[in-house]
Amino acid sequence: MALRNVRVVELIGLAPGPFCGKILADFGATVNVIHRVEGSPLDIMSNGKRLISVNLKAKEGKDIIKKLCKNSDVLIDTYRPGVLEKLGLGPEVLLNENKRLIYARLSGFGQDGCYKNKAGHDINYSAMSGVLSMLAKNKEPPSPPINILADFAGGSLLCALGIVIALFERNQSNKGQVIDCSMTEGAAYIASWLFKSRIFSFMNQEPGCNVLDGGAAFYKTYKTKDGKFMAVGAIESQFYSQFLNALQLSEETYSQYSDQNMCKKKFEEIFLTKTQSEWSEIFKNLDACVTPVIDFNIVDKHELSLSRSSFYRDNNNLVTPEPAPRLSRTPAFSSGKKETPDHGQHTLEILKELGYTDTEIDDLIKNGIIFAKTKSKI
C-alpha cells in the first residue's frame, strides 16, 4: 500500500479530522487516534486505526503525545487555533523535537485572520466561502449540500492532499512543515471552476437560472411514475438529440434554445408516464446522458456498482464506498472492513512501542493519565 510506512497521529475531533485520517489509513498509513480518557463521542471512522486514550491536560499526558509525535510523520490537529499552543504542543515545540513532522491543522476559518476563533459548521464555512450563495433557486434561501462541501471536500480531502504533498516535498528537503487547511478556503478552492466560469453566459445568471443549477430543462432531475427520479445531463447537441428521440419529441419544437420552462413542463409530464426502471431500460443503450438517481441505501445493488465492486456492506449492513481513486500497483484497502476498535484498545500497545515499562503504564492508569481497555500485568 502506498502509505504503508507513514505513521500518523490524529487528535480526535468531529467528522472532518477522522475522515482525513481514514483516507490516509485506507492507503496504508498507521493512524493512531488520541481519544479523551473519558471517551470520545461520534467516532464512526476509527476502523483500521489504533486508539490510545490520553489526558492532554496532564504533563504526563502531554509527554506521551510528544513522544508519539517524535516517532511519527504526521499530526492531524482539528482543535481551534491556539489550543495546542496552550497545551505546550504547538508546532514550534513538536517540530523542534521532530524536524520531519508534517503538522496538519484543519480548522473552519484558518489559523489566522479575524475569524480564526469563531465557532462554525459546514454551513457557516460554505456560506463564508461564497459558494453557498450559488446553491439557491427562485430567490429562495440557499440550501447546503448536507455537510459534504466544506467539511469533507474542502476540509478532509484537501487536508489529506496537503499532507501527501508535504510528504512528497519532505523527500527532497528532509524537513517537515505546517499545513494550514481552512475549510472555508477549501470549499472556495473546490469551487474554482464556478468562480472562473462566470465569464461564460451559461453560468453568469442568477443562482438557479444557469445551465448547471436548474435553469436548463436539459440539465435537471425529473420525477417518474413510481416516485423515483431520472437525472438528465444532455448538454451537448448530439446527446440532446438522442434524449428527445427517447421522449418522442420534435427538436424543432423542443430545441435547447426553446423556452426552457415550456420544455421542463413537457419533460415533467412525459417522465411521469413511466417508472424509473422503464426509463432506465429505454436510456440504457443511448448516449443521451440520462441515468437513474440511485437511492443511497441500495446503490451497491446497481449493475454499475456491482461491475466495479464500488461498495461493500459494513458490520452494521450499511452501504460503504470503497476507497478512491484506484491505484494499479499499490491499491488501497478500506479501513472500514477492519474491526472497530474499543475505547483505549491500543493504549498499552502504543505506550510499549514508545518504551514505557509495565510499571510506568500502571502508574499512568492509576493517576488517570491514560485509559486502557486491559490493564497491563507486571
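Going by what an unreviewed UniProt entry lists, the protein is known as Alpha-methylacyl-CoA racemase and is assigned to Leptidea sinapis.

Student: Explain the packing of aromatic side chains to me, please; I cannot follow it from the model alone.
Tutor: Between two aromatic rings, the relevant description is the distance of the centres plus the angle of the planes. Evaluation of the coordinates by the stated rule reveals 14 aromatic pairs. Taking the centre distance of 4.9 Å and the plane angle of 55° together, the rings of F271 and W279 count as tilted. The pair F271 / W279 is uniform in exposure class, with both members buried. One aromatic cluster is present, formed by F218, Y222, Y240, F243, F267, F271, W279 and F283 through successive ring pairs. The lysine or arginine in question, K337, covers the ring of Y312, its NZ or CZ lying 5.0 Å from the ring centre.

Student: Hey, could you run me through the sheet that holds strand β7 (residues 219–223) in this one?
Tutor: Each strand in a sheet pairs with another by means of backbone hydrogen bonds, the pair being arranged parallel or else antiparallel. The three strands are arranged β7-β8-β9 in an open sheet whose pairing can be described as antiparallel. Edge positions in the open sheet fall to β7 and β9 (290–292), since each of these has one partner strand only. Sheet twist, expressed as the average angle between the axes of neighbouring strands with direction ignored, equals 20°. Pairing between strand β8 (residues 229–233) and β9: three bridges, direction antiparallel. Across the sheet, residue V232 finds its bridge partner in β9, namely V290.

Student: How do you make sense of the nonpolar core when you look at a structure like this?
Tutor: Ranked by internal contacts, the top residues of the largest apolar core, which has 34 residues, are V8, V74 and I163. Elements represented by at least two residues in this core include exactly α1 (16–26), β2 (30–35), β4 (74–77), β5 (102–107), α6 (148–173), β6 (177–182) and α7 (183–190). Here this core takes eight residues from α6, the largest share from any one element. Counting 30 residues, the second-largest nonpolar core is a separate cluster that includes A58, I65, L95 and L351.

Thresholds applied
Residues numbered from 1 in each chain as written. Predicted model: local features only at pLDDT ≥ 70, side-chain atom pairs only at ≥ 80, totals over all residues. Heavy atoms only, no water. Phe/Tyr/Trp six-rings, centres within 6.5 Å; stacked < 30°, edge-to-face > 60°. Buried < 20%, exposed > 50% of the residue type's maximum accessible area, 1.4 Å probe, protein only. Lys NZ or Arg CZ within 6 Å of the ring centre and 35° of its normal. Pairing = 2+ DSSP bridges. Helix = DSSP H or I, 4+ residues; strand = E, 2+ residues; numbered from the N terminus. Axes fitted to C-alpha atoms, helices over the stretch in contact; angles between N-to-C directions. Core = buried A, V, L, I, M, F, W, Y, C linked by side-chain atoms within 4.5 Å.

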